Amino acid sequence: MINKITPDIETILKGIPDGASIMTSGFGLAGQPVELIEALIDFGPRDLTIINNNAASGDRGLTKLLMAGLVKKMICSFPKANNTKVFDELYKAGKIELELVPQGNLACRIQAAGAGLGAVFTPTGYGTKIAEGKETRIIKGKAYVLEYPIEADYALIYADKADRWGNLTYRKAARNFGPLMAKAAEITIAQVHEIVELGTLDPECVITPGIFVQHVFQLPGGGA
């Protein structure tokens with residue numbers, strides 16, 4: 001019987017090694033698996049590469065991971081936030097690396113990894129520092145930059161509902177990046193608000209099929 005629901009998230013997180021690459025869903029705190037990220041801190045894997053839209057927001061989730069000194073590199077679109085200076089301070093002190101990726105390119109490159117594509121051509125970034133050292137091409141009179149897929153060892157994502165097969169639905173803006181990241185990681189761990197009986201979810205509403213999810217975790221009380 002397939003059952004991807006686990007009450008023992010500690011055992012799973014304990015297996016994440018130093019140097020792992022981890023995608024985390026969310027736009028700021030919306031859709032960010034805050035408690036899952038913070039639980040990772042207890043096991044202290046170091047030199048992590050974090051792929052996220054933001055380099056942290058507020059005082060929870062990724063902000064705490066950065067403060068713990070566990071992140072070696074951030075791949076993101078928005079490294080600066082009004083409500084936290086943690087990443088700024090670490091970057092200026094030379095304690096963290098940054099790969100800046102335009103938001104559309106970030107989504108496209110993650111999607112390319114999930115689709116098994118070798119690379120994609122995108123017009124975004126052409127003629128800027130982002131395109132320096134990269135292959136460019138004129139296609140039908142328009143300039144493009146060659147970008148390679150972004151994949152990861154793990155994806156930590158937040159979803160609204162899940163069944164024991166790992167099928168996921170999302171709620172409104174919390175859907176951002178999660179579906180793409182689930183397909184682009186070797187192991188996807190989903191923090192969910194609610195676990196429902198198998199067959200309850202309308203197949204037309206399932207955004208992430210269970211084949212892309214290895215573990216489902218529900219916080220006591222359902223979480224945020």
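Because the structure is a prediction, the values reported are computed rather than measured. (Residues numbered from 1 in each chain as written. Predicted model: local features only at pLDDT ≥ 70, side-chain atom pairs only at ≥ 80, totals over all residues. Heavy atoms only, no water.)

Novice: How would you summarise the side chain of Thr 6 if you had to cite specific residues and measurements?
Specialist: Residue placement: Thr 6 occurs in the segment before α1 (9–14). Thr 6 sits in the buried class, given a relative accessible area of 13%. Excluding anything up to four places from it in sequence, Thr 6 contacts Ile 12, His 215, Val 216 and Phe 217. (Helix = DSSP H or I, 4+ residues; strand = E, 2+ residues; numbered from the N terminus. Buried < 20%, exposed > 50% of the residue type's maximum accessible area, 1.4 Å probe, protein only. Contact = heavy atoms within 4.5 Å.)

Novice: Got a sec to walk through a nonpolar patch on the surface? Specific residues and values, please.
Specialist: A cluster of nonpolar side chains, namely Ile 2, Trp 165 and Leu 198, defines an oily patch on the protein surface of about 270 Å² accessible area. By relative accessible area, which is 47% here, Ile 2 ends up partly exposed. (Patch = residues over 30% accessible without salt bridge, like charges linked within 9 Å, V, L, I, M, F, W, Y side chains within 5 Å. Areas by Shrake-Rupley, 256 points an atom, 1.4 Å probe, with all protein chains shown as cover. Salt bridge = Lys/Arg side-chain N within 4 Å of Asp/Glu carboxyl O.)

Novice: Break down the environment of Gly 166 for me, citing the residues and quoting the values.
Specialist: Considering the arrangement of structural elements, one finds Gly 166 in the loop between β8 (152–162) and β9 (168–169). Here the alpha-carbon distance between Gly 166 and His 215, two residues 49 residues apart in the chain, equals 7.1 Å.

Novice: Go over the pattern of salt bridges with me, naming the residues and quoting the values.
Specialist: Under the counting rule described, the total for this entry stands at 9 salt bridges. Between Arg 60 and Glu 35 there is a salt bridge, and its shortest N-O distance comes to 3.9 Å. Taken together, the residues span a long stretch of sequence, with Arg 60 in the loop between β2 (48–51) and α3 (62–67) and Glu 35 in helix α2 (residues 34–41) at a distance of 25 residues. For Lys 80, the salt bridge identified is with Asp 88, shortest N-O distance 2.7 Å. A relative accessible area of 12% places Asp 88 in the buried class. It is possible to trace a salt-bridge network through shared partners that takes in Lys 73, Glu 99, Arg 109, Lys 134 and Glu 147.

Novice: So, the nonpolar core: which residues are in play, and what are the values?
Specialist: Generally speaking, nonpolar side chains in soluble globular proteins are found buried as a group. By size, the foremost hydrophobic cluster in this structure holds 29 residues, and its most contacted members are Ile 22, Leu 40, Ile 50, Leu 65, Leu 66 and Met 74. For this core, the elements supplying multiple residues, two or more each, are α1, α2, β2, α3, β3 (71–76), α4 (86–92) and β8. In contact with Ile 22, other than residues within four places in its own chain, are Ile 16, Leu 40, Leu 48, Thr 49, Ile 50, Ile 51, Ala 152, Tyr 154 and Leu 156. (Core = buried A, V, L, I, M, F, W, Y, C linked by side-chain atoms within 4.5 Å.)

Novice: Describe the pairing of strand β1 (residues 21–24), naming the residues involved and giving the relevant values.
Specialist: Residues Ser 21 and Met 23 of β1 are buried on one face, and the alternating residues Ile 22 and Thr 24, pointing to the opposite face, are buried as well. At this point the chain moves from β1, through α2, to the parallel β2, and the crossover so formed is right-handed. (Right-handed = clockwise from strand over helix to strand, strands pointing away.)

Novice: Explain the sheet that holds strand β7 (residues 142–147) to me, and be specific about the residues and the numbers.
Specialist: The strand order across the open sheet formed by 3 strands is β5-β7-β6, and the pairing between neighbours is antiparallel. Sheet topology places β5 (120–122) and β6 (136–139) at the edges, where each strand pairs with a single neighbour. Neighbouring strand axes in the sheet, compared pairwise and without regard to direction, differ in orientation by 40° on average. Alignment of β5 against β7, held across 3 bridges, turns out to be antiparallel. Paired with Phe 121 across the strands is Leu 146, a residue of β7. (Pairing = 2+ DSSP bridges. Axes fitted to C-alpha atoms, helices over the stretch in contact; angles between N-to-C directions.)

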